[in-house]
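Residues per chain are reported as follows:
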Amino acid sequence: MDNSKIETKVAQPSTEIVDATLSKTQLKKLKKRMKWLETKHERRLAEKQKKKQRRAERRERGEDVGPSRKNLKLNTMSNSSCKIKVVLDLSLEEYMSDKDIASLTLQIQHSYSSNRRAANPMQLYACSLGGRTQQRLDDIGDYKGWDIHFKEESYLEAFPKESIVYLSSESTNVLTSLSDDKVYVIGGLVDHNAHKGLCHRLAEEKGVSHAQLPIAEFLHLKSRKVLAVNHVFSILLRFTETSDWKQAFLSELPKRKGFSPVDSEETQDNAGTDSKKESKSDSDEDEDEARLDVPCDSPSNQIVAATMVDNGPQNNNDNSECRSDKKTDNSSSSSHACHGKDVVEESKSLNEEDEEKNS
C-alpha cells in the first residue's frame, strides 16, 4: 500500500511539469495522440471485421475478390519469373518533414501491396534504410516480414554502378524497355516540388545513368511529370505484365494528373479545325446567297456594302455587281412607277364617264 502511494505521488509531479511546459495546442494534440494509441487495437479489429464483411459481400455478388492469403504467401519474389530489379532510394529523408516521411512510408506500403498481388512480382529493394523512415516503419508494424529486400547500405554499395538507371522526370534520356541486367532506382522523395530536379542532380553528381518514363510519347499531361513512388513502381510492374507503355500509363496514372492519349487528342484537334473550316465556308456561302437575295438599296444591304468598303479593294467586284444590280433595280422600279400612273389615269377617266351618264 505504501509503495502504491509513493508511486502515485511520484507520477503526479511529472504530469504537472509536462502540462506546464506544453502550450494548450500541444497539450490538446498530446491528449489526442494518447487517446488514439489507446484505441488503436480496437480500431484495427474493427477494420479487419469490416474488410471480411466487404469481402464476403463481394463474393456473394460474384465479384473477383483477388487471391487468398494462402496464395499470397506462396506468391513471393523468389518464386517469380520476373527478375527485373527496382530499388527505392531512402537516403533523401533530410529533405523531408515528418509528415512527408509518413507519406513516403505509405507509398512504400502501396508499392509492396501491388507487387505482392502481381502474378509475377518484381524484385523490390529498399536501400539506405534508417533514421526516421525506419522508425516510422517500426511504428507501423512488422515490416521485416514483408517480401522486400531491406538494406541499410546505399544502392551504389549494393549493386554495380554500370547497371544502375536512376529514374527522373528531368532526365533527357527516355526509357524504352526494361532489362534484367539493369537496376532501376526510384527516388524516395516527397517534397511537394520544393526540391525540383534533386534526384536528377544527385544522379549526375554520382555519375550513374538516368532516364525518364516515356510519358510524352503516349500521353499529354496538364501537370508536371513528377509522380509518386508507388505510381512509378505500379507503371513499371504493369509494363512487365503487358509490354505496353500506353496501357501501363492509362491503367496506373491517377486521374487528377489530367492526361489524355496523344492520338485521340490530335484527331480531336484535326476534327475541330476541319469543322471550323466547314462552318466558316458554309457561313460564307450563306452570306453570298443573302447578298444576292436582298436588294442593293435595302438597309441590310447598305450594312453589307459598308462592311465591303471597310474590307478594302478585294471586294471591288462585288461592289460593281451590286451597282449593276442597283441600276437594273432602278430601271425596273421606274417602269413600275409609270405603269402605276397609267392605271390611275384610266380609273379617273372611267369615273368621269360614269358621272356623265348618271347626270
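If you're wondering where the values come from, they're calculated on a predicted model, not measured in any experiment. (Residues numbered from 1 in each chain as written. Predicted model: local features only at pLDDT ≥ 70, side-chain atom pairs only at ≥ 80, totals over all residues. Heavy atoms only, no water.)

1. With respect to the pairing of strand β2 (residues 123–127)
- With five of five residues buried, β2 lies mostly within the body of the structure.
- Residues Q123, Y125 and C127 line one face of β2 and the alternating positions L124 and A126 line the opposite face, and both faces are buried.
- The pairing of strand β1 (residues 85–89) with β2 spans five bridges and is parallel. Bridged to K85 within β2 is Q123.
- Note: β2 against strand β3 (residues 149–150), two bridges, orientation parallel. In the sheet register, A126 faces β3, and the bridge partner there is F150. (Buried < 20%, exposed > 50% of the residue type's maximum accessible area, 1.4 Å probe, protein only. Helix = DSSP H or I, 4+ residues; strand = E, 2+ residues; numbered from the N terminus. Pairing = 2+ DSSP bridges.)

2. Some details on the packing of aromatic side chains
- This model, assessed by the stated rule, comprises eight aromatic pairs.
- Measuring from ring centre to ring centre gives 6.4 Å for W146 and F150, while their planes differ by 45°; the resulting arrangement is tilted.
- On the basis of relative accessibility, which here comes to 17%, the residue W146 falls in the buried class.
- Look at F218 and F249: their rings are 6.3 Å apart centre to centre, the planes differ by 50°, and that puts the pair in the tilted class. With F218 in the loop between β6 (209–211) and β7 (219–221) and F249 in helix α10 (residues 245–252), this residue pair connects regions lying 31 residues apart in the sequence.
- For F249, a relative accessible area of 0% corresponds to the buried category.
- Clustering of aromatic rings is evident, with ring pairs tying together Y112, Y143, W146 and F150. (Phe/Tyr/Trp six-rings, centres within 6.5 Å; stacked < 30°, edge-to-face > 60°.)

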